[in-house]
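What follows is each chain in one-letter form.
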Amino acid sequence: MVSNSNNGMSKYVTLRSSDGFEFVVLREAACRSGAIRRMLDPKSAFREAAASVCTFEEINGIILDKVAEYFYYNHKNRNQEDVPDMDIPPELCLELLMAADFLDSLFTVCSSLHC
């Protein structure tokens, strides 16, 4: 586990899907989600904060993969203007909207998906 020298927290977190897929994501990128940020808050009593692993029984691997991809896309382009839309297959739109709502994410799905 890679640690951040400031507070001992891992620089990365693991996001685990309902079907057992795991995605190791930069903590700063994953914390674009309000739900994940609260789960990983060291002041919380959540086991996710101690283990740096967030399990999502409601989100399958295909959707969680796109969510993780979005976190990195958003993180990489956070200070940019006129960022092109992320390529998302239309058949994933509904499930991604539900995941974004669940994750309390800054995921602007409809505007970038053109649903």
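The name given to the protein chain in an unreviewed UniProt entry is Elongin-C, with the source organism recorded as Calycina marina. Its UniProt record gives the protein chain a comment under Subcellular location (unreviewed entry), which states: "Nucleus".

Colleague: Requested: an account of the pattern of salt bridges, with residues and values cited.
Modeller: A full pass over the atoms with the stated rule returns three salt bridges. Residues Glu22 and Arg16 are paired through a salt bridge, measuring 2.7 Å at the closest nitrogen-oxygen approach. Asp104 is the salt-bridge partner of Arg38, the closest N and O atoms lying 3.2 Å from each other. Of this pair, Arg38 sits in helix 2 (residues 34-39) while Asp104 sits in the loop between helix 5 (93-103) and helix 6 (109-113), and the two are 66 residues apart along the sequence. Overall, Asp104 belongs to the partly exposed group, its relative accessible area being 39%.

Colleague: So what about the packing of aromatic side chains? Which residues, and what values?
Modeller: To describe a pair of aromatic rings, one takes the distance between the centres and the angle between the planes. Throughout the structure, instances matching the rule amount to two aromatic pairs. Residues Phe56 and Phe102 carry aromatic rings whose centres are separated by 6.3 Å and whose planes lie at 90° to one another, so their mutual orientation is edge-to-face. Taken as a pair, Phe56 in the loop between strand 3 (53-55) and helix 4 (61-76) and Phe102 in helix 5 lie far apart in primary sequence, 46 residues in all. Residue Phe102 is classed as partly exposed on the basis of its relative accessible area, which comes to 41%.

Colleague: Give a detailed account of the pairing of strand 1 (residues 12-16), specifying residues and quantitative values.
Modeller: When strand 1 meets strand 2 (residues 22-26), the two strands line up antiparallel, connected through five bridges. In the strand pairing of strand 2, Leu15 is matched with Phe23. With antiparallel pairing between neighbouring strands as the criterion, strand 1 and strand 2 make up a hairpin whose turn holds five residues, including Gly20 at a positive phi of roughly 90°. Direction of pairing for strand 1 relative to strand 3: parallel, over a ladder of three bridges. Considered in strand 3, the bridge of Leu15 is made with Cys54.

Colleague: Give a description of the environment of Thr55 that names residues and reports values.
Modeller: Among the secondary structure elements, Thr55 is positioned in strand 3. In the structure, Thr55 is positioned 39 residues away from Arg16 in sequence and 4.5 Å away in space, judged by C-alpha atoms. A distance of 3.3 Å separates a polar atom in the side chain of Thr55 from a polar atom in the side chain of Arg16.

Colleague: Could you give an account of the packing of helix 4 against helix 5, naming the residues involved and the relevant values?
Modeller: At their nearest, the axes of helix 4 and helix 5 sit 10 Å apart, and the two run at 65° to each other. By the criterion of interaxial angle, the relationship of helix 4 to helix 5 is roughly perpendicular. Between helix 4 and helix 5 the crossing geometry is right-handed. Contacts between helix 4 and helix 5 involve Ile63, Lys66 and Val67 from the first element and Glu95, Leu96, Ala99 and Leu103 from the second. Of the residues that constitute the contact of helix 4 with helix 5, the class distribution is five nonpolar, no polar and two charged.

The rules behind these values
- Residues numbered from 1 in each chain as written.
- Predicted model: local features only at pLDDT ≥ 70, side-chain atom pairs only at ≥ 80, totals over all residues.
- Heavy atoms only, no water.
- UniProt positions renumbered as here; feature names shortened; annotations may be inferred.
- Salt bridge = Lys/Arg side-chain N within 4 Å of Asp/Glu carboxyl O.
- Helix = DSSP H or I, 4+ residues; strand = E, 2+ residues; numbered from the N terminus.
- Buried < 20%, exposed > 50% of the residue type's maximum accessible area, 1.4 Å probe, protein only.
- Phe/Tyr/Trp six-rings, centres within 6.5 Å; stacked < 30°, edge-to-face > 60°.
- Pairing = 2+ DSSP bridges.
- Polar contact = N/O pair within 3.5 Å; in protein donor to acceptor, adjacent residues only side chain to side chain.
- Axes fitted to C-alpha atoms, helices over the stretch in contact; angles between N-to-C directions.
- Parallel < 35°, antiparallel > 145°, perpendicular 65-115°, else oblique.
- Left-handed = near helix turned anticlockwise from the far one by under 90°.
- Contact = heavy atoms within 4.5 Å.
- Nonpolar A, V, L, I, M, F, W, Y, C, P; charged D, E, K, R; others polar.

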